[in-house]
Amino acid sequence: MNIKRIFKHTLRTQWYLRKYFTTAALESIEKEIAQSETQHSGEIRFVVEGALDGAPLFKDQSAHERALDIFSQLRIWDTQNNNGLLIYLLLADHAVEIIADRGINAKVDKNEWQTICRSMQSKFAQGNFHEGVVQAIRSVTKHLVEHFPVSAHDENELPNKPVVL
């Protein structure tokens, strides 16, 4: 149990999250995802969590472990072509994770996701949270366009609306 982390997460209330992710910013991110998905058959979800609470916090769950849980809970893996992708931000830790389904992982090296995550963290360090997320969506889009072209039978399988936890 990490007391310092528990304290930090306890202080990160909803106002902290809303400071960086206003309604307008979330709507902009939703539009960016929708626009992205017109260019490929992949499915992108963005989830931002202000801070962990309860069991995940007291078990000292890492951002990666939490992202995997959310990937499963939101059924991002449940797409016809196994091409769902989660961009997850744990704001209290400034931790970013990209979790891709097996169809994407078979075609895109995991190091690409780490590069995008580092770029996001760099933007976040400058206080540019919205810009960091939009840039990440655009970077992810380039990979999905290359490996998952739009098909005639393409449909939007997952919501584009960001999830705020």
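A quick note: this is a predicted structure, and the numbers were derived from the prediction, not measured.

Cut-offs applied
Residues numbered from 1 in each chain as written. Predicted model: local features only at pLDDT ≥ 70, side-chain atom pairs only at ≥ 80, totals over all residues. Heavy atoms only, no water. Phe/Tyr/Trp six-rings, centres within 6.5 Å; stacked < 30°, edge-to-face > 60°. Buried < 20%, exposed > 50% of the residue type's maximum accessible area, 1.4 Å probe, protein only. Lys NZ or Arg CZ within 6 Å of the ring centre and 35° of its normal. Helix = DSSP H or I, 4+ residues; strand = E, 2+ residues; numbered from the N terminus. Arc of directions from axis to C-beta. Contact = heavy atoms within 4.5 Å.

1. Digging into the packing of aromatic side chains
And step 1. Per the stated rule, a full pass over the model turns up 6 aromatic pairs.
And step 2. With 6.0 Å between their ring centres and 85 degrees between their planes, Trp-15 and Tyr-16 make a pair best called edge-to-face.
And step 3. Take Trp-15: its relative accessible area is 56%, and that puts it in the exposed class.
And step 4. Here a set of aromatic residues connected by ring pairs shows up, and it is made of Trp-15, Tyr-16, Tyr-20, Phe-21, Phe-46, Phe-124 and Phe-129.
And step 5. Lying over the aromatic face of Phe-148, Lys-107 brings its terminal NZ or CZ to 5.0 Å of the ring centre.

2. Quick notes on helix H1 (residues 3-11)
Structurally, the α-helix is built with 3.6 residues per turn, so residues lying three or four positions apart point the same way.
And step 1. For H1, the full list of buried residues reads Arg-5, Ile-6 and His-9. Along H1, the residues classed as buried sweep out an arc of 100 degrees about the axis, all on the same side. For H1, exposure combined with an orientation more than 90 degrees from the buried face picks out Ile-3, Lys-4, Phe-7 and Thr-10.
And step 2. Packed against the buried residues of H1 are helix H4 (54-58) and strand S2 (84-90).

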